[in-house]
Structure formats: C-alpha cells, structure tokens
Amino acid sequence: MVGAHLTVVCSRRCGLASTLSGSQASGRPKVREAGRLHRKSARELAEYARSDNPVETAIGLAALNSLLQEDEERFVRLNAAEYLASRGRGAAVALIGHFPFVERLRPVVGELWVIELVPEDGDYPATMAPLLLPRADVVGITGSALVNHTIDGLLGLCRPDVPIVLVGPTTPMSPVLFDHGVTVLAGTRVRDESSVLRTVSQGASLQQVEGAERVSWVREDRTTATQLARRGQEAPDPPTES
C-alpha cells in the first residue's frame, strides 16, 4: 500500500517507509508494474530499494523492513527527541530534516542547525551539510535519507565519535547500521496490521497511524545512551520524519 505519507509492505511482518513523491507533480516517474506488485515476493519488492524513483525506493525499503528478523529484546524505551536534547546540552546539534520537535530543542541545546532539502525559515539548505555536519557534536538524521539515497554521504560527513540518531518509520531496526556509525535506531514497529493499513490508506501521517508504536535500539558501546534508555525517561510526543 502506497499512502500519501507512508508506504506499507506486509510479508513476515508489516514494514513501513516514508512516501517521497518528489517535488514535480507533472514529471514523476511511473511505478513499474503498478497494479501487480501484490504478486511479487517481498524479496523481489526489496530490489526496488535500489531505484532512483522515490516511490519505488519507499516500496523497496518497506519490503526490507517487513523481512527483518528483529531482536525485540534489545529494544528500549528511549525517545529520540529526549536523547538529542540530553546529549545536545551545551553542544552543537545538526538535524537532517525539519522534525516536529525542532522548536523544543532550540532552547536546550548549545546550537541547532536544521538542514533541509526544502528549507523553512531558519533552516539551512542541503548544500550546507558538508560544512555543518563535520562540526556537529550530535546528529539526528531522518530515515528518509535512505529513500533519497543520501544516507551514505551524510554519515560520511559526521565525525566518528559523535552520537548519531536515525529517526523515523523508514529506519530499519537492524544492527548493520551500527557498523556504519549510527548510535541509536529510532523506528516504528507495526503491532496491528489491519489498523495500520486502514489509517495509511486514508492518508494518515505517522502521528495519525493506528496500530504502530515507536521503538528504539541503542548501540551497546554508547554507555550514556544505554543509561538514559534504562531510566525510561519520558519526553514530548515521539518524533517523526520530516
């Protein structure tokens, strides 16, 4: 199911990804074999993750997320916004994506640089990422960077010692990402397939989706993050992708 905000593929479980349709409505490429995708295996759909068509890429990533054998025993209660606020006190925080919690972060961190493909007031354009990310002490990256294939370049710009949080429903809950520098995976887990499909089909944003919950996984060598997770600190509403 390709919804206005989210894409869903159900196989071993339901996987989610953010729907990115591009900025030019008249020139959007067609989805290959649309209308017959339900006949494909999840592994075949996962190949769409390689596509340059963002709608196809979302389908592929949702398929990948549906196939992951998640280790739920390692999931913790950790709000991404609270983690970024805690680690960002007196420090420079860079966010890839204008998250809903941006204004709540501004007064509690040292500096806040919001980097966006389509900047809002006070944001920096994506062209500033090579200048700002190497200077950041804490980094939050929208999972949508997997959809538009910018994730490798963004991670490569970050210093190896900084905490990096990958946030949003596209985020694969896979330890493979820890090998590439990510510290915290803050994703979404589907608990009620029918509720998710119903709300996504009616154009729901992540905040409106029923039957899903936020989950986090902390890389084990990050002691501060693990301690924060174990305390189960509460925070404002969990963040979503830009």
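Every residue gets a number counted from 1 within its own chain, in the order that chain's sequence is written. A pLDDT threshold of at least 70 governs which residues receive local features in this predicted model, and a stricter bar of 80 or more applies before side-chain atom pairs are shown or counted, although totals over entire chains, interfaces and linings include all residues. Side-chain numbers here rest on the full set of heavy atoms in the structure, without hydrogens or water.

**Some words on the confidence of the model for the protein**
Selection rule: Every residue carries a pLDDT, the predictor's confidence in it, which falls somewhere between 0 and 100. Contacts between residues were defined by any pair of non-hydrogen atoms, one from each residue, lying within 4.5 Å.
Across the protein, the average pLDDT comes to 90, with 88% of residues at 70 or higher. In the predicted structure, residues 222-242 sits below a pLDDT of 50 and forms 59 contacts with residues beyond four places in sequence or in another chain.

**Side note on helix α8 (residues 193-201)**
In plain terms, the rule: Burial classes follow relative accessibility: with a 1.4 Å probe on protein chains only, a residue under 20% of its type's maximum area counts as buried, one over 50% as exposed, and anything between as partly exposed. Helix and strand assignments follow DSSP, with helices taken as H or I runs no shorter than four residues and strands as E runs no shorter than two, numbered in order from the N terminus. Throughout, the arc means the angular range of directions from the helix axis out to the C-beta atoms.
Residues of α8 that are buried include every one of S195, V196, T199 and V200, and no others. Projected down its long axis, α8 carries its buried residues within an arc of 120 degrees, all on one side. Packing partners of the buried residues in α8 comprise β1 (6-10), β2 (14-18), β9 (184-190) and β10 (212-218). G203 occupies a position one or two residues after α8 and carries a positive phi of about 85 degrees.

**Some thoughts on the nonpolar core**
For clarity, the threshold we go by: Within this scheme, the nonpolar core is defined by two criteria: the residues are buried Ala, Val, Leu, Ile, Met, Phe, Trp, Tyr or Cys, and they are joined through side-chain atoms within 4.5 Å.
If you look at the biggest cluster of nonpolar residues, it comprises 42 residues, and the most contacted ones within it are L133, V139, I141, L166 and L185. Residue contributions to this core peak at six residues, all from helix α2 (residues 54-67). Those residues in contact with L133, other than ones at most four positions away along the chain, are A94, I96, I115, V139, L154, L157 and C158.

**Brief notes about the packing of aromatic side chains**
When we look at a pair of aromatic rings, we describe it by the centre distance and by the angle of the planes. Defined as follows: Between 30 and 60 degrees the pair is tilted, below 30 it is stacked and above 60 it is edge-to-face, where a pair is any two Phe, Tyr or Trp rings, Trp via its six-membered ring, whose centres lie within 6.5 Å. We call a charge positioned above a ring when the Lys NZ or Arg CZ atom is no farther than 6 Å from the ring centre and deviates by at most 35 degrees from the ring normal.
Applying the stated criterion to the full structure yields three aromatic pairs. The interplanar angle of 10 degrees and the centroid separation of 5.0 Å between the aromatic rings of F99 and F101 together place this pair among those described as stacked. Summarising the burial analysis for this pair, F99 and F101 share the class buried. Over the ring of Y48 we find R32; its NZ or CZ atom is 4.4 Å from the centre of that ring.

**Some words on the pattern of salt bridges**
We apply this condition: Each reported salt bridge corresponds to a side-chain nitrogen of Lys or Arg within 4 Å of a carboxyl oxygen of Asp or Glu.
Taken as a whole and assessed by the stated rule, the structure comprises 13 salt bridges. We note a salt bridge from E72 to R191, for which the minimum N-O separation is 2.8 Å. Within this pair, whereas E72 is found in the loop between α2 and β3 (75-76), its partner R191 is found in the loop between β9 and α8, the two being separated by 119 residues in sequence. Its relative accessible area of 32% is what places E72 among the partly exposed residues. Across the pair R106 and E103 runs a salt bridge, and its minimum N-O distance is 3.2 Å. For R106, a relative accessible area of 30% corresponds to the partly exposed category.

**Some points on the environment of T19**
For clarity, the threshold we go by: Whenever two N or O atoms come within 3.5 Å, that pair is a polar contact, provided that in protein one can donate a hydrogen and the other can accept it, and provided that, for residues adjacent in sequence, both atoms are side-chain atoms.
Position of T19 among the secondary structure elements: in the loop between β2 and α1 (42-46). Separated by 15 residues in the primary sequence, T19 and A4 place their C-alpha atoms 6.6 Å from one another. Contact partners of T19, with chain neighbours within four places excluded, come to V2, G3, A4, H5, L6, T7 and A58. Polar contacts involving the side chain of T19 include one to the main-chain carbonyl oxygen of L6, which spans 3.2 Å.

**Here we look at the pairing of strand β4 (residues 92-96)**
Regular strands have side chains that alternate between both faces of the sheet. Put simply, the rule reads: In this description, strands pair whenever DSSP reports at least two bridges between them.
By the criterion of burial, β4 is predominantly enclosed, with five of the five residues buried. What you see with β4 is no split at all: A92, A94 and I96 on one side and V93 and L95 on the other are buried throughout. Where β4 and strand β5 (residues 111-116) come together, five bridges link them in parallel fashion. Bridged to V93 within β5 is L112. Note: β4 against strand β7 (residues 138-142), four bridges, orientation parallel.

**Describing the sheet that holds β3**
Spatially, the eight strands line up as an open sheet ordered β3-β10-β9-β8-β7-β4-β5-β6, and their pairing is mixed. Both outer strands of the open sheet, β3 and β6 (124-125), are each paired with one neighbouring strand and no more.

**Details of the pairing of β2**
Within β2, five of the five residues are buried, which leaves the element mostly enclosed by the surrounding structure. As judged from the five bridges shared by β1 and β2, these two strands associate in the antiparallel manner. Within β2, the position partnered with V9 by the bridge is G15. Hairpin connection from β1 to β2: three residues lie between these consecutive antiparallel strands.

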